Amino acid sequence: MKFLAFLDLHEDKKALKQLLECSARPEVEFIICAGDLTQFSRNIRFILWKFNELGKKIYLIPGNHESDKVFSEVLPDYPNFMNINNKAVEVDGYVLLGYGGGGFSSEDSDFRKIAREWYGKYKDKKTILVIHGPPFGTKTDLIENQYVGNKDYRAFIERIKPKLVICGHIHETAGMIDKIGETMVINPGWEGMFIELG
């Protein structure tokens, strides 16, 4: 399974051009976006159209610059996109667990509720957690020697042990890779990362 992951594009034209070029490569089977395609949904239709034209499946969640409401209004016009926010979707033997929105909260009671459900259903499956904000205590949430990530995300990761966590939100840590136990945690940033999983 080979795919491109990115987030925090914020409608940057140069980064968009590069992402589209990378995404068009034949080895990229699908794309995962962990939020913030836009600046508060501005030009969202143009960006969705450009990615949709690739003809590849794009799984995405809202960041803190989009919302499920906006996605529900515009995504039906772009059939290659699938909003996986608060959903579990099976792809090539893996389960994508999507949870978007948020910012710098260190706890999230809504996430704890869905995490209990996911753990019961998917604890023995190969999973990829797609979240907008980072989990607590890794290189992906370290700013000026302080960890600013979410402790509920981390607790879930330690419990369910996903193969991969895709997160971001903190621009200063774009490109960072770390581990929680055996789980790889990445912030692919707006430049994106090519990922291959067996």
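Heads up: these notes are all about the structure in this document. A quick note: this is a predicted structure, and the numbers were derived from the prediction, not measured.

## Some details on the side chain of Thr 138
Phase 1 of the analysis: Along the chain, Thr 138 turns up in the loop between strand S7 (127-131) and strand S8 (142-143).
Phase 2 of the analysis: At a separation of 2.6 Å, a polar atom in the side chain of Thr 138 contacts the side chain of Thr 140.
Phase 3 of the analysis: Excluding residues that lie within four positions of it along the chain, Thr 138 makes contacts with Tyr 147, Arg 154, Asp 178, Ile 180 and Val 185.

## Observations regarding the environment of Met 184
Phase 1 of the analysis: Looking at where Met 184 falls in the secondary structure, it is placed in strand S12 (residues 183-186).
Phase 2 of the analysis: The spacing of Met 184 and Ile 128 is 56 residues in sequence and 9.7 Å in space, taken between C-alpha atoms.

## Thoughts on the packing of aromatic side chains
Any aromatic ring pair is given by two values, namely how distant the centres are and how the planes are angled relative to each other.
Phase 1 of the analysis: In total, this model carries 11 aromatic pairs according to the counting rule given.
Phase 2 of the analysis: Centre to centre, the rings of Phe 46 and Trp 49 are 6.1 Å apart; their planes meet at 45°, and the pair counts as tilted. With Phe 46 and Trp 49 both in helix H2 (residues 44-52) and three residues apart, this pair spans about one turn of that helix.
Phase 3 of the analysis: With relative accessibility at 44%, the residue Phe 46 sits in the partly exposed group.

## Observations concerning the sheet that holds S7
Phase 1 of the analysis: Read across the sheet, six strands follow the order S5-S6-S7-S10-S12-S11 without closing on themselves; strand pairing throughout is mixed. Edge positions in the sheet fall to strand S5 (87-91) and strand S11 (177-180), since each of these pairs with one other strand and no more. Averaged over all adjacent pairs, the angle separating strand axes in this sheet is 25°, with direction ignored.
Phase 2 of the analysis: Bridge count between S5 and strand S6 (residues 94-99): five bridges; the pairing is antiparallel. Directly across from Lys 87, in S6, lies its bridge partner Gly 98.
Phase 3 of the analysis: Helix H4 (residues 109-122) contacts S5, S6 and S7 of the sheet and is inclined by roughly 170° relative to S6.

## Examining the packing of H4 against helix H5 (residues 151-160)
Phase 1 of the analysis: Where H4 meets H5, the closest approach of the two axes is 10 Å, and the angle between their N-to-C directions is 10°. Of the possible angle classes, the one that applies to H4 and H5 is roughly parallel. Together, Ser 109, Phe 111, Arg 112, Ala 115, Trp 118, Tyr 119 and Tyr 122 of H4 and Asp 152, Tyr 153, Phe 156, Arg 159 and Ile 160 of H5 make up the contact between the two elements.

## Quick look at the sheet that holds strand S3 (residues 57-60)
Phase 1 of the analysis: The strand order across the open sheet built from five strands is S4-S3-S2-S1-S13, with neighbouring strands paired in mixed fashion. Of all the strands in the sheet, the pair left with one neighbour each is strand S4 (81-83) and strand S13 (193-196). Here the strands of the sheet are splayed against their neighbours by 25° on average, with no regard to which way each runs.
Phase 2 of the analysis: In terms of strand pairing, strand S2 (residues 30-33) meets S3 through four bridges, oriented parallel. Bridge assignment links Cys 33 to a residue of S3, and that residue is Leu 60.

Cut-offs used in this document
- Residues numbered from 1 in each chain as written.
- Predicted model: local features only at pLDDT ≥ 70, side-chain atom pairs only at ≥ 80, totals over all residues.
- Heavy atoms only, no water.
- Helix = DSSP H or I, 4+ residues; strand = E, 2+ residues; numbered from the N terminus.
- Polar contact = N/O pair within 3.5 Å; in protein donor to acceptor, adjacent residues only side chain to side chain.
- Contact = heavy atoms within 4.5 Å.
- Phe/Tyr/Trp six-rings, centres within 6.5 Å; stacked < 30°, edge-to-face > 60°.
- Buried < 20%, exposed > 50% of the residue type's maximum accessible area, 1.4 Å probe, protein only.
- Pairing = 2+ DSSP bridges.
- Axes fitted to C-alpha atoms, helices over the stretch in contact; angles between N-to-C directions.
- Parallel < 35°, antiparallel > 145°, perpendicular 65-115°, else oblique.

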